[in-house]
Amino acid sequence: MKEYWTSLASLLGVLAFCQSILQTVFPPELRFAFLKLFNKIFHWFSSYYYFDITEIDGVNTNELYNAVQLYLSSTVSISGSRLSLTRALNSSAITFGLSNNDCMVDAFNGVTVLWEHVVTQRQSQTFSWRPLPEEKRGFTLRIRKKDKYLILNSYLDFIMDKANEIRRKNQDRLLYTNSRGGSLDSRGHPWESVPFKHPSTFDTLAMDPKVKKEIMDDLKDFANGQAFYQKTGRAWKRGYLLYGPPGTGKSSMIAAMANFLGYDIYDLELTEVHTNSELRKLLMKTSSKSIIVIEDIDCSINLTNRKKNNGGGGGASGRTYYDSMEMRGGGGGGGVSVPGEEGGGGNSITLSGLLNFTDGLWSCCGSERIFVFTTNHIEKLDPALLRSGRMDMHIFMSHCSFPALKILLKNYLGYEEGDLDEEIGKEFEGVLEKAGMTPADVSEVLIKNRRDKGNAVRELLEALKARAEKNNVGGGSREKINGGHDLEEEEEEEQEKRALESPKEEGCDFVEGSCKKGDEKDPKEDNEIIEK
């Protein structure tokens, strides 16, 4: 045993002597060149390429590293044996990831690749303006040489797109508002935001399933149509007009669209915007993958038909396009501004400014945006605002139909298909059209009696019959709109909304009067104002 240790010590001494000779004979530069040549020969005979994706690229965070981490979390949760769990800020979901120095195999278009998560300790740092993490993290991608161009050209772009989709799905959505008009805060942002927690989805939305499917298919085609819009030379945006009586679910439809696509919502209050330039600034500060909403557009500003204002006489008769379309009076003296004269006597936005907002050059400063307008009176809107390219899809939110009623019964009472008695179902189907009740009215009856399903159905049926009888008796004396909803009730709701939203200032009477049925000014008076 002693001889064994003696021989081992002699061998170690010889190796140390040889190492000292090598270091003396071969300088570090020569050894580095030899190792470089050895690695080159090794890679030349190897059939794989290796790509390193580090977490920190110099002093900046490598976005590709974060994208790979998110992408692998979508598949590693199924195939991985040891996982790391993370939950990002403002995220509603837990994501999975590879543990330290773990590997997994992925496939793309029939090509197999190997991912390895490499974590090593970082050497002690000298003085640095930005301290780096103690651990050095990165991913190593191993691919076959013959698959190099396919992977670099397509696979990495696919990972980035997939990561953005996962990030948008997991991140909490936000609801923005322009409560300060168009002015900027200390950070240069004109929008204020709150978390968007509306639970409405297309599954719970009370409307005809065929119409819902058509809308969902249109939204899917839009979200997946980047290549189509680029090919056809169109801006990647789409407009929806939701119209119908109050209480038919227009706001719920907007929330369902946002939850379906995972988009943020920008609720634009036009009465807070004073000039066209402010409107453009608000548009420029909206993000892509968002829904820009203008609710009750017929009540917030004046968008009556241009033909009603095209009277005769004076210089007004020569103006045929966006002239005499003053949308909001303001400032002192009640002056009226025409397009192109924003800096006149008062602050105003014009129909021209709104059209450029939705379909002009400035509307193309972002991508994947949806514009949604809502109104109770589509006939009051100017045809220029309704044409394709601005409002591409017109969706009529009707009174409660029998398919919509079945959805409400399922939501509030848990009725599945076939649970409702056949005779009662026929009674509902026969009385719904005559009653003309909105989904909001039906929902209120079901909410009050949700603890007793039988009583809820009976009381709802009685309420529908009473409304139908009331409509039948008063049909000759009361004007009806949109299939049975009383005009007087709708005007009362709109007047209450204007009383709450419209500022009580001199010069705002023009705004408040824009929603009243039949409150139309004489064209001669309009022409006299323009001439002045």
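The structure this text deals with has already been given above.
Procedures and definitions
Residues numbered from 1 in each chain as written. Predicted model: local features only at pLDDT ≥ 70, side-chain atom pairs only at ≥ 80, totals over all residues. Heavy atoms only, no water. Pairing = 2+ DSSP bridges. Helix = DSSP H or I, 4+ residues; strand = E, 2+ residues; numbered from the N terminus. Axes fitted to C-alpha atoms, helices over the stretch in contact; angles between N-to-C directions. Phe/Tyr/Trp six-rings, centres within 6.5 Å; stacked < 30°, edge-to-face > 60°. Buried < 20%, exposed > 50% of the residue type's maximum accessible area, 1.4 Å probe, protein only. Left-handed = near helix turned anticlockwise from the far one by under 90°. Contact = heavy atoms within 4.5 Å. Nonpolar A, V, L, I, M, F, W, Y, C, P; charged D, E, K, R; others polar. Parallel < 35°, antiparallel > 145°, perpendicular 65-115°, else oblique.

Engineer: Sorry if this is basic, but what is going on with the sheet that holds strand β11 (residues 237–243) here?
Structural biologist: Pairing between the strands of a sheet comes from backbone hydrogen bonds, and it takes one of two forms, parallel or antiparallel. The sheet built from seven strands is open, its strands ordered β10-β9-β12-β13-β14-β11-β15 with mixed pairing. With partners counted over all chains shown, the strands left at the sheet margins are β10 (192–195) and β15 (393–396), one partner each. The mean angle between the axes of side-by-side strands here comes to 20 degrees, regardless of whether they run parallel or antiparallel. One ladder, built from five bridges, connects strand β13 (residues 290–294) with strand β14 (residues 369–375); its direction is parallel. Within β14, the position partnered with Ser290 by the bridge is Arg369.

Engineer: I would appreciate a short explanation of the packing of aromatic side chains in the present structure.
Structural biologist: The geometry of an aromatic ring pair is captured by two quantities: the separation of the ring centres and the angle between the planes. The final tally for this structure, using the stated rule, is 16 aromatic pairs. Considering the side-chain rings of Tyr71 and Phe158, the 5.8 Å spacing of their centres and the 80 degrees angle between planes classify their relative orientation as edge-to-face. One end of the pair, Tyr71, is in helix α3 (residues 63–79); the other, Phe158, is in helix α4 (residues 148–170), and 87 residues separate them in sequence. Tyr71 sits in the buried class, given a relative accessible area of 4%.

Engineer: Can you help me understand the pairing of strand β12 (residues 264–267) in this one?
Structural biologist: Each regular strand displays side chains that alternate between the two surfaces of the sheet. For strand β9 (residues 174–177) and β12, the ladder comprises three bridges, and the chain directions are parallel. Bridge pairing in β12 places Thr177 opposite Asp267.

Engineer: What exactly am I supposed to notice about the packing of helix α14 (residues 422–435) against helix α16 (residues 453–473) here?
Structural biologist: Helix packing geometry: the angle between the two helix axes and the distance between the axes. In contact at an axis separation of 8 Å, α14 and α16 are set at 35 degrees when each is read in the N-to-C sense. Handedness of the α14/α16 crossing: left-handed. Counted together, Ile424, Glu427, Phe428, Val431, Leu432, Lys434 and Ala435 of α14 and Val457, Leu460, Leu461, Leu464, Lys465, Arg467, Ala468 and Asn471 of α16 form the full contact between these two elements. Of the residues assigned to the contact of α14 with α16, the class counts are 10 nonpolar, one polar and four charged.

Engineer: What is the right way to look at the packing of helix α5 (residues 209–223) against helix α7 (residues 250–261) in this model?
Structural biologist: Interhelical geometry of α5 versus α7 gives an angle of 45 degrees and a closest axis separation of 11 Å. The pairing of α5 with α7 is recorded here as oblique in orientation. Crossing geometry of α5 relative to α7 is assigned as right-handed. Where α5 approaches α7, its residues Ile215, Met216, Leu219, Lys220 and Ala223 are matched on the opposing element by Met253, Met257, Phe260 and Leu261. Here the contact of α5 with α7 is composed, by residue class, of eight nonpolar, no polar and one charged.

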